[in-house]
Number of protein chains: 2
Amino acid sequence: MSLVDVSAFADELATASGRVILPFFRTALVAENKALPGSFDPVTEADRAAERVMRQLIAERYPEHGIVGEEFGAERSEAELCWVLDPIDGTRAFMSGLPLWGTLIGLLRSGRAAYGMMHQPFIGERFFGDGTRAGYRGPHGSGELRTRPCASLAEATLSTTSPAMFSEAELATFLRVEKQARLTRYGYDCYAYCMLAAGHLDLVIEAGLKPYDIVALTPIIEGAGGVVTTWTGDRPERGGAIVAAGDPRLHATVLEMLAR
Amino acid sequence: MSLVDVSAFADELATASGRVILPFFRTALVAENKALPGSFDPVTEADRAAERVMRQLIAERYPEHGIVGEEFGAERSEAELCWVLDPIDGTRAFMSGLPLWGTLIGLLRSGRAAYGMMHQPFIGERFFGDGTRAGYRGPHGSGELRTRPCASLAEATLSTTSPAMFSEAELATFLRVEKQARLTRYGYDCYAYCMLAAGHLDLVIEAGLKPYDIVALTPIIEGAGGVVTTWTGDRPERGGAIVAAGDPRLHATVLEMLAR
């Protein structure tokens, strides 16, 4: 499967899943769900419907490929090419009506993240990369993604989804890093990694991630010139505690602090 | 000036300011600014350029109207009709490349917020209201804005831009409320109030607001069925410590806790 095929097919998956998810976003159904405990959960419904449509497209076109998804688990995950899907990354933003969630579509080749796309269908923007290049298409134009230089932690803008995602030991480590950073932003989910790739943030530190939280984002970050690993410096494809930096020098500095 | 004129003119101001701001958003200029301390600050430049174009339009069309803006202060603010402008509310989101900032355009009539609009030009959405009705236009449609019912704090989703915005005494009070809320979201600036008007959040509690942070949002919240006052229950037009609730019952409950 060539990279051209991969990227065209990822676009198809993004378009199809976006069509399925959008009717659930900012509806009264979502807004009022909390009044109906135990009944219809529209975020889960949107999540499932979108993963179902992507799985079906993959099964029709590439029946030999593996699939790992947030909602329906793994099938043929030992295949050379394996899609890793998170239909709605950022469900809390989704539930609050904020278009800061994204659909994550990743492709592993022999276990390594080879292609990834983040799609925000409400805004209509796509971030994508193959580990060597990364690009963007949005409502006001398109272009290449490049991380920005940031040599030291003292100059770095750091982002993490929530301090609540860390274990006690992880939090102590995170706070040591945060104390030295220039400033910290919370709550951006997959957008934090895309903004790092686009050169607007320098550092993302998270923990407890699943493979589907990070596989699609990895080739975007790497393609834009950034580095993403676990806190112990290993490849990020299996998730866990993750650190991404736009500038490799910053990644090296922070990795030393995290691995301690 | 009829309400039809007001809303058409607010649309013009939004369109003009959006055109001025957008070229500054997500540019390398913004991304790399921190490497150039003391030099060109693109967020301030965008802010000023947008306020300048709105002031000029107002001065040409309605020279007798007052204007209060974040960047260039007040002129004729004692006029019966006075525009209150914040070109970029949410500068930290703007600087991180996240489209969660908004242009706030409000109109005071004899000191009372009579019309307001929040414009997000990157996404292309507008939230607006006149205190009795509120509406929305966006990339996927338009409609009326209505808050959702939420009778008790235990069911409420609460939002605040940052705990750092509170004084020590305010923070203690805020934390008492937060402890009883269902969940809390941080960092949404003007979007929190618009999502409250749209029925996706129940409660926003903030402090240290300026008039231009809240005047434009007030007629949207009120028009959608919500209530917004200071922590002591006064009109919100002068800013300060502000509480907005989608459900008047929730506002009454929380006001009692805040006023203590």
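Sequence order as written defines the numbering, with residues in each chain counted from 1. As a convention, the first chain written is A and the first ligand written is 1, with the rest following in written order. Confidence filtering applies because this is a predicted model: local features only for residues at pLDDT of at least 70, side-chain atom pairs given and counted only at 80 or more, and all residues used for totals across whole chains, interfaces and linings. Water and hydrogen atoms were dropped before computing side-chain values, which therefore reflect all heavy atoms in the structure.

Caption draft 1: Spotlight on the sheet that holds strand E9 (residues 157–160) of chain B. Residue and element names in this part refer to chain B. An order of E10-E9-E11-E13-E12 is seen for the five strands of this open sheet, with the pairing classed as mixed. Among the strands making up the open sheet, the edge pair consists of strand E10 (183–186) and strand E12 (227–230). Strand-to-strand twist in this sheet, taken as the mean axis angle between neighbours without regard to direction, amounts to 20°. Examined bridge by bridge, E12 and strand E13 (residues 240–245) share four bridges and lie antiparallel to one another. In the sheet register, Val 227 faces E13, and the bridge partner there is Ala 245. Throughout, a residue-residue contact means that at least one pair of heavy atoms, one from each residue, lies within 4.5 Å. A fitted line through C-alpha atoms represents every axis, and for helices the fit uses only the stretch in contact; the resulting angles, taken between N-to-C directions, go from 0 to 180 degrees. Helix and strand definitions follow DSSP, with helices as H or I runs of at least four residues and strands as E runs of at least two, each counted in order from the N terminus. Along the sheet, helix H5 (residues 168–180) contacts E9, E10, strand E11 (203–209) and E13; its crossing angle with E11, the most-contacted strand, is approximately 175°. Two strands are said to pair when DSSP picks up at least two bridges between them.

Caption draft 2: Structural view of the domain arrangement of chain A. Residues and elements named next belong to chain A. Each domain's extent was defined by an automatic or database domain assignment. Looking at chain A, the domain boundaries give domain 1 (3–144) and domain 2 (153–259). Each of domain 1 and domain 2 has a C-alpha centre, and these two points are 21 Å apart. Facing 36 residues of domain 1, the contacting portion of domain 2 comprises 22 residues. A 1.4 Å probe defines the accessible area here, and the buried area is the portion of it lost by two parts on being joined, summed over both. Counting the surface lost from both domain 1 and domain 2, the interface buries some 2,100 Å², and carbon and sulfur atoms represent 68% of this. It is Leu 100, Ala 113 and Phe 127 in domain 1 that bury the most area against domain 2; as a group they hold 24% of the surface buried on that side. Salt bridges are defined as contacts in which a side-chain nitrogen from Lys or Arg sits within 4 Å of a carboxyl oxygen from Asp or Glu. Taken together, the connections running from domain 1 to domain 2 amount to one salt bridge.

Caption draft 3: Up close: unusual backbone geometry. All names here are of chain B. Positive phi, normally seen in glycine, also occurs at Arg 26, with a value near 60°. With respect to the element layout, Arg 26 can be found in the loop between helix H1 (3–21) and helix H2 (28–32). The buried category is assigned to Arg 26, whose relative accessible area is 17%. You will see that Arg 76, though not glycine, has its phi angle at about 50°, which is positive. Among the secondary structure elements, Arg 76 is positioned in the loop between strand E2 (73–75) and strand E3 (81–89). Residue exposure (1.4 Å probe, protein chains only): buried if accessible area is under 20% of the type maximum, exposed if over 50%, otherwise partly exposed.

Caption draft 4: Examining the pattern of salt bridges more closely. One pass over the full model with this rule turns up 26 salt bridges over all chains. With a closest N to O distance of 2.7 Å, Arg 61 of chain B and Glu 12 of chain B form a salt bridge. Remark: Glu 12 of chain B occurs in helix H1 and Arg 61 of chain B occurs in helix H3 (residues 42–61); sequence separation between them is 49 residues. Looking at Arg 61 of chain B, the relative accessible area reads 40%, which means it is partly exposed. Using a relative accessible area of 32% as the deciding quantity, one classes Glu 12 of chain B as partly exposed. Between Arg 148 of chain B and Asp 202 of chain B there is a salt bridge; the shortest N-O distance is 2.8 Å. Here the residue Arg 148 of chain B occupies a position in the loop between strand E8 (141–144) and E9, and Asp 202 of chain B occupies one in the loop between helix H6 (190–197) and E11, the gap between them amounting to 54 residues. Residue Arg 148 of chain B shares its accessibility class with Asp 202 of chain B, and that shared class is buried. Look at the salt bridges and you will find they share partners, linking Glu 51, Arg 55, Glu 75 and Arg 76 of chain A into a network.

Caption draft 5: Quick look at the relation of the copies chain A and chain B. Superposition record for chain A on chain B: RMSD 0.0 Å, screw rotation 180°, translation along axis 0.0 Å. Accordingly, the operation relating the two chain copies is best matched by a two-fold axis. Residues of chain A ranked by C-alpha distance from the rotation axis are headed by Ile 123 of chain A, positioned 2.7 Å from it. When the interface residues of chain A are mapped onto chain B, 100% of them again lie at the interface, so the same face is used by both copies. When the copies are overlaid, the least-squares fit takes in C-alpha atoms only where the residue has pLDDT of at least 70 in both copies.

Caption draft 6: Representation of the side chain of Thr 157 of chain B within the structure. Residue and element names in this part refer to chain B. For Thr 157, the position within the fold is in strand E9. Owing to a relative accessible area of 4%, Thr 157 belongs among the buried residues under this scheme. Of note is the side chain of Thr 157, whose polar atom sits 3.3 Å from the side chain of Arg 182. Beyond its immediate sequence surroundings of up to four residues, Thr 157 is in contact with Arg 148, Arg 182, Leu 183, Arg 185, Leu 201, Asp 202 and Leu 203. Each polar contact in these results corresponds to two N or O atoms within 3.5 Å; when the atoms are within protein, one needs to be able to donate a hydrogen and the other to accept it, and residues that are neighboring in sequence are counted only if both atoms are side-chain atoms.

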